[in-house]
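# Structural features, examined
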2 protein chains.
Amino acid sequence: MSMYRIDFNDFFTSAFSVDCILFGYSDGEIKALLIKRAMQPFENLWAIPGDLIYPDEDLEQAAERVLFELTGLNNIAMHQSQTFGKPNRHPQGRVITISYFALLRIEDFEVKASSWAGDVQWVSLKNMPDLAFDHNHILSSTYEMLKLKLQNEPICFDVLPERFTLNEFQQLYEFAFEQAFDKANFRKKIKHIPLIAHDEKQQNVKHRPAKLFSFDKIAYFEGIEQNRYTFKM
Amino acid sequence: MSMYRIDFNDFFTSAFSVDCILFGYSDGEIKALLIKRAMQPFENLWAIPGDLIYPDEDLEQAAERVLFELTGLNNIAMHQSQTFGKPNRHPQGRVITISYFALLRIEDFEVKASSWAGDVQWVSLKNMPDLAFDHNHILSSTYEMLKLKLQNEPICFDVLPERFTLNEFQQLYEFAFEQAFDKANFRKKIKHIPLIAHDEKQQNVKHRPAKLFSFDKIAYFEGIEQNRYTFKM
DNA sequence: TTAAATTATTGTCCAAATTACAATAATTAA
DNA sequence: TTAATTATTGTAATTTGGACAATAATTTAA
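Quantities reported herein were computed from a predicted structural model and do not represent experimental measurements. (Residues numbered from 1 in each chain as written. Chains lettered and ligands numbered in written order. Predicted model: local features only at pLDDT ≥ 70, side-chain atom pairs only at ≥ 80, totals over all residues. Heavy atoms only, no water.)

## Looking at the side chain of Ser17 of chain B
Residue and element names in this part refer to chain B. Among the secondary structure elements, Ser17 is positioned in strand β1 (residues 15–26). Accessibility expressed as a relative area gives 7% for Ser17, which makes it buried. Setting aside residues no more than four positions away along its own chain, Ser17 makes contact with Asp51, Leu52, Ile53, Val95, Ile96, Thr97 and Ile98. (Helix = DSSP H or I, 4+ residues; strand = E, 2+ residues; numbered from the N terminus. Buried < 20%, exposed > 50% of the residue type's maximum accessible area, 1.4 Å probe, protein only. Contact = heavy atoms within 4.5 Å.)

As structure tokens, this is what we get:
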């Protein structure tokens, strides 16, 4: 124990926040939802939406609250990324921030600026301005985490609709990894993932409609339990 | 923004801690270094060593301090795993804890119980008792993170000596993943990792000594920069 | 000094996965 | 009915991965 051990209560002088990185894809690009700060510090700079966590609030709950306040979206799974805590990262005090992310389909909802900020916008990762705080760093680390999790956990099904076509599935990976895959080969690659094929087909498309699939959670978790399986993309 | 937005300063009522999971291998098993708590809460229960973070202390710095106090070891890279923050996880107040881990060679050092606790011990993951707080959960999540990072980042070189034999390299993965690999095949698998082969050989072994290698950081990071490379095991 | 024992290192063969690309099937729109 | 479009399946070549054998280098014991 350190020399300068102090009273337990003296430690209760920090705040913690969540920062929510919402990734979305459109026009062949991955974008993040940013807000323009309407107040000090970093007034008028773009920033990742975040908020302090209430004292009795769970971390994920806080992340989902921020998402809801910004987008009106509910029931979107948020994934924890990393925690950032350099002593001086927040000019007003010691604030340690836990980053969460989600992957969304931009066209699925309307952003509501709400009380947050003057402006809310999807910004391409390719074209990122200087952000408030250490948010550039948080954003790029979290993008790496997104890719890592897409490769090792079935989080793709959090963002895909309940029933999806194999092409939609493929496009998600194409957008996230910014590269095209061969259709036939992609289908071979996902053969090990338990999917349920439905009789239903895509509607309202002006070409041959694709078959709809859904993720077979039960079979998946059975495979995981029995250690006979690991998700790999 | 939530209805019950309160003053900024009211949020500074929480504490942060780091929990340091030290994984080590010996006798063909992965073990974690645990302490027996000498005080309330959870007195006499085994726990992951951790400590509150000082107000002006960086997270990694705190993790390295805990490691040092417990083992006397310096300059071991600690890796961030996940952050745990259920409101009631600590009976004395809201404490959010950030878990860090390191992988060590048990025979490389002596544990010093120091002021920490009555007892310090390496405990096999196979044979884990009920731990204090939510430490069983933290431990198993962090073990998963260790394996994930071993597969996707070159953290193995943090724990290997600067110059190592290919067998030592292989054994590290064998211990972590609890399975044996074929020597010849392992060598093929790591062909893409930039290693420097030295003329030097293993000393004091009673058999043909193996050649020593070291990790070529420069070549590695060049490959990463230029996007011509991803670490995969 | 030599042979046996031990471990390092390299090679080979076969099966499985990956890649590039082609062929066929189903549907819409004209 | 046909052209256009996209879905789906197939095939052949290449690369990777796993099982196992062969050879090389070194120590130890006879």
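Past the structure itself, the notes keep going.
## Comments concerning the protein's contact with DNA strand C
Close contacts around DNA strand C come from 19 residues, with Lys188, Lys201 and Arg208 of chain A together with Asn167 and Lys183 of chain B the closest. Take Asn185 of chain A: an N or O atom from its side chain is 3.0 Å from a base nitrogen of DNA strand C. Secondary-structure elements contributing two or more residues to the surface near DNA strand C are α5 (183–189) of chain A together with α5 (183–189) of chain B. Ranked by residue count, the leading element in the surface near DNA strand C is α5 of chain B, at 4 residues. (Near = heavy atom within 4 Å. Polar contact = N/O pair within 3.5 Å; in protein donor to acceptor, adjacent residues only side chain to side chain.)

## Section: the packing of aromatic side chains
Centre-to-centre distance and the angle between the planes together describe a pair of aromatic rings. Within this structure, the stated rule accounts for 33 aromatic pairs over all chains. Ring pairing ties together the aromatic residues Phe157, Phe164, Phe169, Tyr173, Phe177, Phe181, Phe186, Phe215, Tyr220, Phe221, Tyr229 and Phe231 of chain A, which thus form one cluster. (Phe/Tyr/Trp six-rings, centres within 6.5 Å; stacked < 30°, edge-to-face > 60°.)

## Structural notes on the nonpolar core
Of all hydrophobic cores here, the largest spans 82 residues; its most connected members are Phe169 of chain A together with Phe169 of chain B. Excluding residues within four positions of it along the chain, Phe169 of chain A makes contact with Cys156, Phe157, Leu160, Phe164, Phe186, Ile190, Ile193 and Leu195 of chain A. (Core = buried A, V, L, I, M, F, W, Y, C linked by side-chain atoms within 4.5 Å.)

## So, the domain arrangement of chain A
Residues and elements named next belong to chain A. Segmenting chain A into domains produces domain 1 (8–152) and domain 2 (156–225). Measuring from the centre of the C-alpha atoms in domain 1 to the corresponding centre in domain 2 gives 28 Å. When domain 1 packs against domain 2, close to 1,200 Å² is buried across both sides, 66% of that on carbon and sulfur atoms. Here domain 1 is connected to domain 2 by 1 salt bridge. Taken together, the elements giving at least two residues each to the side of domain 1 that touches domain 2 come down to β2 (29–36), β6 (95–105) and α2 (135–152). Per element, the largest residue contribution to the side of domain 1 that touches domain 2 is 4 residues, and it comes from α2. Broken down by class, the residue content of the side of domain 1 that touches domain 2 amounts to 7 nonpolar, 3 polar and 4 charged. (Domains from an automatic or database assignment. Buried area = accessible area lost by both parts, 1.4 Å probe. Salt bridge = Lys/Arg side-chain N within 4 Å of Asp/Glu carboxyl O. Nonpolar A, V, L, I, M, F, W, Y, C, P; charged D, E, K, R; others polar.)

## A few points about the side chain of Arg65 of chain A
All names here are of chain A. The topology assignment puts Arg65 in helix α1 (residues 59–71). For Arg65, a relative accessible area of 13% corresponds to the buried category. Side chain to side chain, Arg65 and Glu57 meet in a polar contact 2.7 Å long.

## Digging into the protein's contact with DNA strand D
What surrounds DNA strand D is a group of 19 residues, the closest being Asn167 and Lys183 of chain A together with Lys188, Lys201 and Arg208 of chain B. Of everything in DNA strand D that lies within 4 Å of the protein, sugar and phosphate atoms constitute 56%. Counting residues per element, the ones that place at least two in the surface near DNA strand D are α5 of chain A together with α5 of chain B. Take the surface near DNA strand D: its biggest share by element is 4 residues, from α5 of chain A. When its residues are assigned to classes, the surface near DNA strand D shows 5 nonpolar, 4 polar and 10 charged.

## As for helix α4 (residues 166–177) of chain B
Helical geometry note: an α-helix holds 3.6 residues per turn, so side chains three or four residues apart project in the same direction. Residues and elements named next belong to chain B. Over its 12 residues, α4 extends 17 Å from the first C-alpha to the last, a length consistent with the 16 Å expected when each residue adds 1.5 Å. Buried within α4 we find Leu166, Phe169, Gln170, Leu172, Tyr173, Glu174, Ala176 and Phe177. In the stretch just after α4, Glu178 is the one whose phi turns positive, near 50°. (Expected span 1.5 Å × (residues − 1).)

## Remarks on unusual backbone geometry
Most of the time, phi is negative for any residue but glycine, and the peptide bond is trans. The omega torsion of the bond from Gln40 of chain A to Pro41 of chain A falls at -10°, within 30 degrees of zero and hence cis. Relative to the elements of secondary structure, Pro41 of chain A occurs in the loop between β2 and β3 (46–47). Positive phi, close to 60°, is recorded for Asn75 of chain B, a residue that is not glycine. Positionally, Asn75 of chain B belongs in the loop between α1 (59–71) and β5 (79–84). Exposure remark for Asn75 of chain B: the relative accessible area of 77% places this residue in the exposed category. Although it is not a glycine, Asn204 of chain B adopts a positive phi angle of roughly 60°.

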